[in-house]
Amino acid sequence: MAAQGVIAIYPGSFDPITNGHLDLIDRGARLFSKLVVSVLGNESKQPLFSTEERMEMLREAVRGYSNVEVDSFAGLVVDYAAQKGASVLLRGIRAISDYEYELQMALMNRRLRPELETVFLMAGEEFSFISSRLVKEVIRLGGSISGLVPPFVEDRLRQRMSKQAAPAGTRNFI
Ligand code: PNS
């Protein structure tokens, strides 16, 4: 049963969304009244997909959920959470290797805004090895990512990779 009236944000890069993220969204949507999945825009990392493209893919992926909203944010996540009226920040933990980074972020966020509680959920074990970074690497090198991302995300990745592989000087003219 969902925690009544509790709004949670699920922030991340989502470059692109994977089936691991979707599993977490499914769990979060059942736990909280409202779940806002928020793409970090204007980052220093160079994402493969623009903020708008990442949001588009997320919107498509969460179409079946009436209590899930897709949004983007810039600046401190704790300030964004306050704007959205969220009392929970949702994050996924796959393996113990995620823990150190997640603990640092959770404690820093708690220091910045003690009212915001970070809640960690574990995705299903079948998703525990999936990351956006590895999915991009595997598809770039010609491997199969079937079952790791939604089919429409796989199509978008293939299109993007084929554009990137075009010889220099031809990229914008095909
Ligand atoms: O999917 P990611 O890249 O692991 O997500 C990281 C994210 C977006 C949750 C984190 O980088 C973040 O919250 N950035 C916003 C800036 C901020 O608030 N930094 C201080 C957090 S400790």
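Below, the structure is looked at part by part. As the structure is a computational prediction, the values presented were derived from the model and not from experiment. (Residues numbered from 1 in each chain as written. Predicted model: local features only at pLDDT ≥ 70, side-chain atom pairs only at ≥ 80, totals over all residues. Heavy atoms only, no water.)

What to know about the environment of Leu 89
Argument step 1. For Leu 89, the location among the structural elements is in strand S4 (residues 88-93).
Argument step 2. A residue is classified by how much of its surface remains accessible, and Leu 89, at 3% relative accessible area, is buried.
Argument step 3. A C-alpha to C-alpha distance of 6.1 Å links Leu 89 and Val 119, two positions 30 residues apart in sequence.
Argument step 4. Non-local contacts of Leu 89, meaning those with residues more than four positions away in its chain, are made with Ile 9, Pro 11, Val 77, Asn 109, Leu 116, Glu 117, Thr 118 and Val 119. (Helix = DSSP H or I, 4+ residues; strand = E, 2+ residues; numbered from the N terminus. Buried < 20%, exposed > 50% of the residue type's maximum accessible area, 1.4 Å probe, protein only. Contact = heavy atoms within 4.5 Å.)

A look at the site of the ligand
Argument step 1. Near the ligand lie 13 residues; those nearest to it are Ser 13, Lys 45, Leu 76, Val 77 and Arg 91.
Argument step 2. Between the ligand and the protein, one listed contact pairs an oxygen atom with a side-chain N or O atom of Ser 13 at 2.5 Å.
Argument step 3. The side chain of Arg 91 places a nitrogen or oxygen atom 2.9 Å from an oxygen atom of the ligand.
Argument step 4. Computed on the free molecule, the ligand has an accessible area of 550 Å², of which 77% lies beneath the protein chains in the complex.
Argument step 5. Of all the elements, helix H4 (residues 96-112) adds the most residues to the shell around the ligand, at four residues. (Near = heavy atom within 4 Å. Polar contact = N/O pair within 3.5 Å; in protein donor to acceptor, adjacent residues only side chain to side chain. Areas by Shrake-Rupley, 256 points an atom, 1.4 Å probe, with all protein chains shown as cover.)

Some points on unusual backbone geometry
Argument step 1. The omega torsion across Asp 15 and Pro 16 is 0°, close enough to zero to call that bond cis.
Argument step 2. For Pro 16, the position within the fold is in the loop between strand S1 (3-12) and helix H1 (19-31).

Notes on the pairing of strand S3 (residues 68-73)
Argument step 1. Inspection of the sheet shows strand S2 (residues 32-40) paired to S3 by six bridges, in the parallel sense. Within S3, the position partnered with Leu 40 by the bridge is Phe 73.
Argument step 2. Note that the unit made of S2, helix H2 (residues 51-61) and S3 has a crossover that is right-handed. (Pairing = 2+ DSSP bridges. Right-handed = clockwise from strand over helix to strand, strands pointing away.)

Some details on the nonpolar core
Argument step 1. If you look at the biggest cluster of nonpolar residues, it comprises 36 residues, and the most contacted ones within it are Tyr 10, Ile 17, Ile 25, Leu 35, Val 37, Leu 58 and Leu 157.
Argument step 2. Elements supplying a minimum of two residues to this core: S1, H1, S2, H2, S3, S4, helix H5 (132-140) and helix H6 (151-165).
Argument step 3. Discounting residues that sit within four places of it in the chain, Ile 25 has contacts with Tyr 10, Ile 17, Leu 35, Val 37, Leu 58, Val 62 and Val 68. (Core = buried A, V, L, I, M, F, W, Y, C linked by side-chain atoms within 4.5 Å.)

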